[in-house]
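# Examination of the molecular architecture
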Amino acid sequence: MGKRDFSWDSEKLIGTIQESSKVEHEVKICTLNDTEYVVASKRVLKKDGWSIVKNQTFKLDVFSQLTELVASYQKGSNYEQ
């Protein structure tokens, strides 16, 4: 069985987070079948240029819950569900 080509219905780059001079994270909002996703791609600068080494994908509503948990943790709350 061959590998299928994959593509999002739409992609919009919403920002880049610079971790260091050789590591950055591109953050995109992507859609597939009317569902929105947050995609964070870790890019590393190598001798031959920038290369994606890892993608992390979350449904947008799940990512929103994640950010709420992190914000709560940073405020010192003992938030648990």
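Everything that follows concerns the structure shown earlier in this document.
In what follows, the accompanying structure is described. Quick caveat: nothing in here was measured; it's all calculated off a predicted structure.

### Observations concerning the pattern of salt bridges
Opposite charge on two side chains permits pairing when their charged atoms draw close. The tally for this structure, following the rule as stated, stands at 3 salt bridges. Close ionic contact of Arg43 with Glu26 constitutes a salt bridge, the shortest N to O distance being 3.7 Å. Pair noted here: Arg43 is in strand 3 (residues 35–46) and Glu26 is in strand 2 (residues 23–32), with a separation of 17 residues, a long-range link. Accessibility expressed as a relative area gives 15% for Glu26, which makes it buried. Here the salt bridges do not stand alone but share partners, grouping Glu24, Glu26 and Arg43 into one network.

### Description of the packing of aromatic side chains
For the coordinates displayed, the defined rule picks out 3 aromatic pairs. An angle of 45° between the planes, with centres 5.3 Å apart, marks the rings of Trp8 and Tyr37 as tilted. Placement of Trp8 in the segment before strand 1 (10–20) and of Tyr37 in strand 3 is noted, with a sequence separation of 29 residues between them. Comparing Trp8 with Tyr37 shows no difference in burial state: the two are buried. By way of ring pairs, the aromatic residues Phe6, Trp8 and Tyr37 are connected into one cluster.

### Description of unusual backbone geometry
One non-glycine residue, Asn33, lies in the positive phi region at around 55°. Counting through the fold element by element, Asn33 comes out in the loop between strand 2 and strand 3. Phi is positive for Asp34, which is not a glycine, with a value near 65°. Tracing the backbone through its elements, the reader meets Asp34 in the loop between strand 2 and strand 3.

### A word on the environment of Asp5
Position of Asp5 among the secondary structure elements: in the segment before strand 1. Look at Asp5 and you get exposed, because its relative accessible area is 77%. Between the C-alpha atoms of Asp5 and Tyr73, which are 68 residues apart in sequence, the distance is 39 Å.

### Some remarks on the side chain of Arg43
Under the relative-accessibility criterion, Arg43 is labelled buried at 17%. The contacts of Arg43, once residues within four sequence positions are left out, are Lys22, Val23, Glu24, Glu26, Trp50, Ser51 and Ile52.

Criteria and cut-off values
- Residues numbered from 1 in each chain as written.
- Predicted model: local features only at pLDDT ≥ 70, side-chain atom pairs only at ≥ 80, totals over all residues.
- Heavy atoms only, no water.
- Salt bridge = Lys/Arg side-chain N within 4 Å of Asp/Glu carboxyl O.
- Helix = DSSP H or I, 4+ residues; strand = E, 2+ residues; numbered from the N terminus.
- Buried < 20%, exposed > 50% of the residue type's maximum accessible area, 1.4 Å probe, protein only.
- Phe/Tyr/Trp six-rings, centres within 6.5 Å; stacked < 30°, edge-to-face > 60°.
- Contact = heavy atoms within 4.5 Å.

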